[in-house]
Every structure is written in structure tokens, then in C-alpha cells.
Amino acid sequence: MGQALGCIQVDQSTVAIKETFGKFDDVLEPGCHCLPWCLGSQIAGQLSLRVQQLDVRCETKTKDNVFVNVVASIQYRALADKASDAFYKLSNTRSQIQAYVFDVIRASVPKLDLDATFEQKNDIAKAVEEELEKAMSHYGYEIVQTLIVDIEPDEHVKRAMNEINAAARLRVAANEKAEAEKILQIKRAEGEAESKYLAGLGIARQRQAIVDGLRDSVLAFSENVPGTSSKDVMDMVLVTQYFDTMKEIGASSKSNSVFIPHGPGAVRDIASQIREGLLQANATM
């Protein structure tokens, strides 16, 4: 109806291309415009100035001969001051952008190994953006942003990469476990050595205390009982220890000791053997 009355409405973020007798005449901004169709004026079409997005999937090969699918997201828009170029110079903007993306990606990725491709995806995106900006500016378009949103190797390659990563992590875990076990064994050995050292000190102190007690007992007994010798005192001490031992064995209800022929007189023989052993040791030294 507006066209019939010679008026046209252009929406916000949109421009209209006005032609007169088929020739470009003007770019109409958003708003209401008079269009004297009887004088040959007409609207050739409208052009959106909004940012548009194009996702491009490109299959290419890396330097180490791995085929990957690179997904690039291109955000672009038409420039208002170059609306006529954007409308007339390109018949299919999206196909043109896709062709440039293919060209740059297939020229950049084959120079990189697979790992480097993942690490340098921002550099690839920058190269694509620079090439698109340089090419599309002649056609009235601005490249707002270029993103490499995904790099997809073949499924077998991804599985192999995961297995390699898993094996590497298992190797690290095994090393850490072995190191932890080593530390535990070292600490256990140090603890046992310290325990044995302390036990040895305890036994040595115990024996020293026994020797000191026996010496004091012998000296005290010799002083208080005239006519006794140290040998008599030692025999009495051994007999006392013998009976104490027999008492402890008899007091245990679960004793499984094996008795050999013995008697109180055997204590004297044992004492004689101990003295003879000590004398022989002293003679040898």
C-alpha cells in the first residue's frame, strides 16, 4: 500500500537501495521515504546492517599427516557508507567468505603439527581475519570477529591421543607410587633402626643397672657378713634368681616349657661354668 502511495518504510538497522530506471540512485536510511514510482523510482532491495555469523567447517591436513576438521566462526556486517558496494558487488556474500576461509585455513594448518594446531588456533584465527578484512573491505563488509571454535581430528586419532595421554598419566602415577613406597620403606627402616637403637640403649642400661645392683649387693653383704666372699654372694644371687624363675614358670597357666633334669645343685655348676667362661675370655684378651 505504501509502495502504491509513493511511500516506503525502512526498518531500523536496515538500508534500502533505491534505483531510478534500473540505475542505482540512493541509499535510504531507516525511516519513511517518498518513492515516486511514476518517475521510475523503485526499491532494488534491502541490506541488513546487523552483525551476522557464518560457521565454516573446513577439512584439511596437518604437517604430520593427520586430517582434521577446523570449524571457524566468522562474524561480519555490511557498512552503511558502503551499502551500494555490499549490495551490488557480491551476489553471494556467505559463499565468498567461505572461500576465503578455506583458502587461509588450508594454507596455514598444513604448516603445523597436530599439537601445534591446537596450541596456535588463535594465530590461525588471526590470519583468517586479516585475509578476510583485506578482501571483504573492497565489497563493503567489515569483519567483526573471527574465531576457531573447534578442531576435530579423526575419531581414531582422538582415541590414540587419549590412550597416549592415559599411558603418560599412568606412568607418572606409577613413578609417584614407587617414590611414595620408597619413602615409606626408608621411613620404616629409619624407624626400625631408631627402635633397635633405643632398645639396645635400654638393654645396655638394664644390664648396667643389674651389674651395679649386684656389685652393691656383693659389697654390702661382704661388709655386713664377715667371712663371706664375693663367690658365695654370687652363688646365693644365682640361687635366688633360679627360684624366682621357677616361681614365674609355675605361676603361668599356659606355660609350655620343657624341663630338663636339674636340681639346686646344678646352679653351682652353672655358676662355675659362667666364671670359667669369663676367666677364659679375660685370659684370651
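Quantities reported herein were computed from a predicted structural model and do not represent experimental measurements.

S.K.: Report on the environment of Val-157, specifying residues and quantitative values.
M.R.: Looking at where Val-157 falls in the secondary structure, it is placed in helix α5 (residues 155–224). Each C-alpha atom of the pair Val-157 and Phe-67 lies 9.0 Å from the other, and the pair is 90 residues apart in sequence. Beyond its immediate sequence surroundings of up to four residues, Val-157 is in contact with Val-66 and Leu-114.

S.K.: Could you give an account of helix α4 (residues 121–136), with specific residues and numbers?
M.R.: For α4, built from 16 residues, the straight-helix expectation of 22 Å at 1.5 Å per residue is met to within 8% by its first-to-last C-alpha distance of 22 Å. Among the residues of α4, those classed as buried are Ile-124, Ala-125, Val-128, Leu-132, Ala-135 and Met-136. Projected down its long axis, α4 carries its buried residues within an arc of 100 degrees, all on one side. The outward face of α4, more than 90 degrees from its buried face, is lined by the exposed residues Asn-122, Lys-126 and Lys-134. Looking at the buried side of α4, the elements it contacts are β7 (67–78), α2 (93–108), α3 (114–119) and β8 (141–153).

S.K.: I'd like to hear about the sheet that holds β8, residue by residue, with values.
M.R.: Taken in spatial order, the three strands of this open sheet run β6-β7-β8, and their pairing is antiparallel. Only two strands of the sheet have a single partner each, and these edge strands are β6 (52–61) and β8. The sheet shows a mean angle of 20 degrees between the axes of neighbouring strands, direction not considered. Pairing of β6 with β7, which is carried by ten bridges, proceeds in the antiparallel orientation. Within the sheet, the bridge partner assigned to Glu-59 lies in β7 and is Asn-69. Against the sheet, α2 makes contact with β6, β7 and β8, and its axis sits at roughly 35 degrees relative to β6, the strand it touches most.

S.K.: Now, about the nonpolar core: what can you tell me, with residues and values included?
M.R.: In terms of nonpolar packing, the biggest core is built from 34 residues, with Ile-74, Ile-97, Val-101, Ile-105, Val-128, Leu-132 and Tyr-141 touching the most fellow members. Broken down by secondary-structure element, the contributors of at least two residues to this core are β2 (14–20), β6, β7, α1 (83–88), α2, α3, α4 and β8. In terms of residue count, β7 provides more of this core than any other element does, six residues in total. Each residue touching Ile-74, except ones within four places of it in the same chain, is listed here: Gln-52, Gln-53, Leu-54, Ile-97, Val-101, Val-128, Leu-132, Ile-143, Gln-145 and Thr-146.

S.K.: Go over the pattern of salt bridges with me, naming the residues and quoting the values.
M.R.: Applying the stated rule across the entire model yields six salt bridges. Residue Arg-77 is joined to Glu-142 by a salt bridge in which the shortest nitrogen-to-oxygen separation is 2.8 Å. Of the two residues, Arg-77 is situated in strand β7 and Glu-142 in strand β8; the sequence distance between them amounts to 65 residues. The salt bridge involving Asp-85 is made with Lys-89; its shortest N-O contact spans 3.8 Å. The class of Lys-89 is partly exposed, set by a relative accessible area of 47%.

Calculation notes
- Residues numbered from 1 in each chain as written.
- Predicted model: local features only at pLDDT ≥ 70, side-chain atom pairs only at ≥ 80, totals over all residues.
- Heavy atoms only, no water.
- Helix = DSSP H or I, 4+ residues; strand = E, 2+ residues; numbered from the N terminus.
- Contact = heavy atoms within 4.5 Å.
- Expected span 1.5 Å × (residues − 1).
- Buried < 20%, exposed > 50% of the residue type's maximum accessible area, 1.4 Å probe, protein only.
- Arc of directions from axis to C-beta.
- Pairing = 2+ DSSP bridges.
- Axes fitted to C-alpha atoms, helices over the stretch in contact; angles between N-to-C directions.
- Core = buried A, V, L, I, M, F, W, Y, C linked by side-chain atoms within 4.5 Å.
- Salt bridge = Lys/Arg side-chain N within 4 Å of Asp/Glu carboxyl O.

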